[in-house]
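Summary of structural features
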Amino acid sequence: MPTPYGPRPEAGPPGLAPKLLGFCEELRSEGVAVGTSEILDAFAALDEVPWTSQEDFREALAATIAKSQEDRRVFELLFERWFFRAAEAEAVERGIGEEGQRYEGGERLDIDELREQVRQAIVAGDDGEMRDLARLAIAAFGRQGEGSGVVGVDVQRIRRTLELSAGAQQAQDGAGELPPIDRDQLNRFERHLRRELERDLIERTETLPPSRPLAELDRALPTSPTQDLAAVHRAVSQMKRRLATLGHEQRGRRRGRTVDVRRTMRASLETGGVPMHLRYRPKRPRRPEIYVLCDVSTSVTSASVFFLSVLHALHDSFRKLRSFVFIERISEVTEVFEHERDFREIAKRISSEGGVADVSGYTDYGRVWLEFLTEISDDLDPRSTVIVLGDARTNGREPHAEVFAQVAERAGRLFWLNPEPRLYWNYGDSVMAAYERHCDGAFECWTTRHLENFVNIVAGGVPASD
Amino acid sequence: MADAPQSGTVAETRQALASAGYLADEPAALVSFLAQRLGKPILVEGPAGVGKTELAKALARAGERELIRLQCYEGLDEAKALYEWNYRKQLLRIQAGGESGWDEVHDDIFSEEFLLERPLMQAIASEQPVVLLIDEIDKTDQEFEAMLLELLSDFQITIPELGQVSATTMPTVVLTSNNSRELTEALKRRCLYLWLDYPELEREMEIVRLHAPELPEALARRLVEVVRMVRSLDLKKPPSIAESIDWARTLLLMGAEDIDRDTFEQSMSIIVKHRTDIDLVAERVGVKLADAVRPPA
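The residue numbering used here restarts from 1 in each chain and proceeds along that chain's sequence as written. Chain A is the first chain written and ligand 1 is the first ligand written, with later ones labelled in order. With the structure being a predicted model, the display of local features is reserved for residues of pLDDT at least 70 and the display and counting of side-chain atom pairs for 80 or more, all residues being used for whole-chain, interface and lining totals.

**Looking at the overall build of chain B**
Our working definition: Only runs of H or I of at least four residues qualify as helices and only runs of E of at least two qualify as strands under DSSP, and these elements are numbered from the N terminus. With C-beta atoms placed from the backbone, a residue is labelled by how many other C-beta atoms lie within 10 Å of its own: buried for 20 or more, exposed for 12 or fewer, partly exposed between the two. For every residue pair, C-beta atoms are placed from the backbone, and the pair is scored as a contact if these atoms sit within 7 Å.
Looking only at helices and strands, chain B features 14 helices and 9 strands. By residue count, 35% of the 297 residues in chain B fall in the buried class. Restricting the contact set of chain B to residue pairs at least 6 apart, pairs at least 24 apart contribute 75%.

If you want it as structure tokens, here you go:
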């Protein structure tokens with residue numbers, strides 16, 4: 001049994017326990033909650049699996065330490081880095097290299113033959129083989145003298161040289177179709193390549209590359225539209241499910257219930273007519289009608305991808321939702337979201353036919369409120385919730401806060417999500433204060449955590465604590 | 001302890017699961033193995049229909065244990081999950097034994113005879129080791145989760161009138177969650193975590209062929225490829241493994257030899273079950289199929 005004071009000293013070859021603790025420490029610094037009990041579990045689990053298999057070792061650690069998919073993703077990234085680095089650091093320290101034997105045969109190998117072998121290994125999905133071939137490929141590539149010294153660039157160059165791409169391909173000599181390559185498999189090969197290149201680099205320079213915290217690289221939401229859409233979507237799809245079930249959770253038993261007389265009387269029959277157990281009416285969840293207004297002007301370019309995906313997610317979750325985008329004028333895009341499920345397609349259609357192609361391209365909030373009010377004021381009622389996504393930068397135009405106040409008055413609730421930190425509100429041409437007075441809540445919002453907080457409030461819950 | 005011969009290995013667990021009709025991937029086999037060795041509950045998360053519940057059933061079959069299942073839902077409370085006093089019987093006892101004193105009756109009516117065991121209690125009290133499946137834990141409220149904590153860490157239940165009931169045998173506990181809400185840290189801390197995802201092409205093919213053995217291999221491959229294609233679209237409800245199997249059986253019944261456009265459109269409703277999804281799939285996949293089956297001359 002593990003002692004309460006930490007792992008047993010004989011828990012493994014010397015050096016592993018501190019390494020593992022260091023690993024957990026690093027996970028913590030990335031925001032994964034690793035408790036002492038988890039670490040103890042990890043050691044107990046490692047007693048049970050053969051360490052010689054990397055897969056078993058990693059899975060055993062993951063099962064005991066990373067307890068959500070998000071954690072698992074961080075775990076994967078760190079595991080590679082930490083244990084790979086750990087081995088390399090040791091090697092550098094002791095001056096061990098794998099000279100001579102590493103790229104045996106790399107010089108002699110014909111590139112076409114290599115291409116064929118790599119392809120076969122990828123299709124077969126054999127990790128060991130892929131790794132060896134990755135080394136060969138690097139050697140063959142290095143011989144051509146094309147190494148750029150930047151790992152990411154080299155990986156792509158090698159991939160291109162080997163003519164690897166996912167999906168079926170025509171063979172060069174026209175002898176029918178080559179077996180198709182699965183994208184996952186190809187990614188695995190690229191990972192091997194990357195690893196071997198890094199290893200090579202470390203061996204040459206005899207130093208480890210600096211480790212950057214993942215938080216900066218990997219987990220923040222995209223701040224520019226060029227960043228990967230998939231990342232936003234992954235974050236939002238998680239939230240999508242939460243949103244879909246949030247209403248249901250509230251339906252459980254809560255305080256402030258009303259007694260259901262009929263069911264109470266019926267239940268009292270079991271206790272001889274004495275109503276010992278009160279039965280309550282279930283609380284009906286609020287079915288919100290939501291109006292979302294989303295700023296898509298250039299001043300919020302960085303956030304608009306995020307906002308559009310939020311809209312996308314909201315559309316999947318609430319049936320009574322109408323969405324609008326605006327720059328200088330407002331236009332309704334509910335239709336687009338209803339008929340198109342692919343996010344990229346939506347983004348494209350909104351920019352092409354959303355009808356926001358404005359003259360100046362500058363946001364005119366005042367005008368937007370006026371138009372919004374004339375267009376749908378009749379539909380607003382106390383049950384409706386209006387959500388504005390925007391930075392409240394009017395470019396010096398008339399903010400028409402009084403019109404906004406009217407909107408706020410008619411709608412049941414009005415929330416404002418601002419993609420700028422609170423610190424920047426009301427600086428420059430931001431007129432947030434004028435609008436904030438009329439809102440039921442104004443929030444900073446540029447990460448999923450902000451968003452989740454907000455979602456909880458809309459659905460009637462309490463804000464999640466940080 | 002470390003020198004004791006290892007009675008089982010991950011490979012053996014995997015083998016046992018396979019013979020119970022469940023083809024586990026490496027992580028699933030390893031976590032099942034660890035759960036049995038360490039006596040910890042498994043928390044399985046993943047999209048709907050990847051075989052989370054099936055894993056528990058297979059564990060039961062593989063270990064020849066009884067499966068006790070607790071299906072969670074909103075408003076599930078202790079009376080339904082743990083135990084309940086059989087008050088009808090208690091009333092009868094009070095009315096029948098008219099002359100005995102209150103103390104005597106009081107002691108008597110709160111004895112095990114008047115206890116109605118619910119699934120969790122059953123699992124704890126069972127003489128034989130069982131597999132306890134707590135299905136869709138994310139559907140319950142947090143209070144219920146808190147109640148589970150005692151059970152999951154110490155395998156015991158405290159009944160105020162009776163005292164603690166501890167497990168005599170170690171049940172294998174499997175909790176499943178569709179990830180519709182974040183489970184509490186405290187609960188996760190007590191579990192081994194397993195994320196099940198849609199299987200890779202080869203493994204799904206094996207699964208389909210295990211459950212529909214008459215299906216020719218080429219057709220099975222085609223089927224799995226199409227299902228994967230469908231999954232890669234952004235659907236409201238992507239097809240699960242169970243639906244792949246259903247589809248395989250349907251194709252057998254239809255006597256289909258290949259999945260061409262007609263067959264696909266006829267049987268599509270087996271794997272796609274949402275109106276907007278059907279439109280999307282018909283539009284995207286159906287077209288591709290026609291091309292794939294009859295390449296332009």
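Back to the text.
**Structural notes on helix α8 (residues 142–154) of chain B**
All names here are of chain B. Cut-off, in case you're wondering: A helix is expected to span 1.5 Å for every residue after the first. For a residue, the bend is simply the angle between two axes, fitted respectively to the seven-residue segment ending there and the seven-residue segment starting there.
Look at α8: 19 Å from first C-alpha to last across 13 residues, which is about the 18 Å you get at 1.5 Å a residue. Approximately 30° is the largest bend angle found in α8, and it occurs at Leu 148. Along α8, the residues classified as buried are Phe 144, Leu 148, Leu 151 and Leu 152. At the exit of α8 stands Phe 155, carrying a positive phi of roughly 50°.

**Description of the interface of chain B and chain A**
What counts, and what does not: All residues other than Ala, Val, Leu, Ile, Met, Phe, Trp, Tyr, Cys, Pro, Asp, Glu, Lys and Arg, Gly among them, are scored as polar; the first ten of these are nonpolar and the last four charged.
Every contact between the two is made by 29 residues of chain B and, on the other side, 32 residues of chain A. Put simply, the parts of the chain that give the side of chain B that touches chain A at least two residues each are α2 (26–38), α5 (87–96), α9 (185–189), β9 (192–195) and α14 (275–293) of chain B. The residue makeup of the side of chain B that touches chain A, split by class, is 14 nonpolar, 4 polar and 11 charged.

**Thoughts on the sheet that holds strand β8 (residues 172–177) of chain B**
Sheet strands pair via backbone hydrogen bonds, and the direction of the pair is either parallel or antiparallel. Residue and element names in this part refer to chain B. Spelled out, the test is: By the convention used here, strands pair only if DSSP detects at least 2 bridges between them. Geometry is summarised by axes, namely lines fitted to C-alpha atoms with helices restricted to the contacting stretch, and by angles between N-to-C directions that run from 0 to 180 degrees.
Strands sit in the order β2-β5-β8-β1-β9 across an open sheet of 5 strands; the sheet is parallel. Only two strands of the sheet have a single neighbouring strand rather than two, namely β2 (66–71) and β9. The sheet shows a mean angle of 20° between the axes of neighbouring strands, taken without regard to direction. Sheet analysis places strand β1 (residues 42–45) next to β9, joined by 4 bridges and oriented parallel. Each residue of the ladder has a partner; that of Val 44, found in β9, is Leu 194.

**Re the environment of A:Leu414**
Considering the arrangement of structural elements, one finds A:Leu414 in strand β7 (residues 413–418). Excluding residues within four positions of it along the chain, A:Leu414 makes contact with A:Val386, A:Val407, A:Ala408, A:His438, A:Cys439 and A:Asp440.

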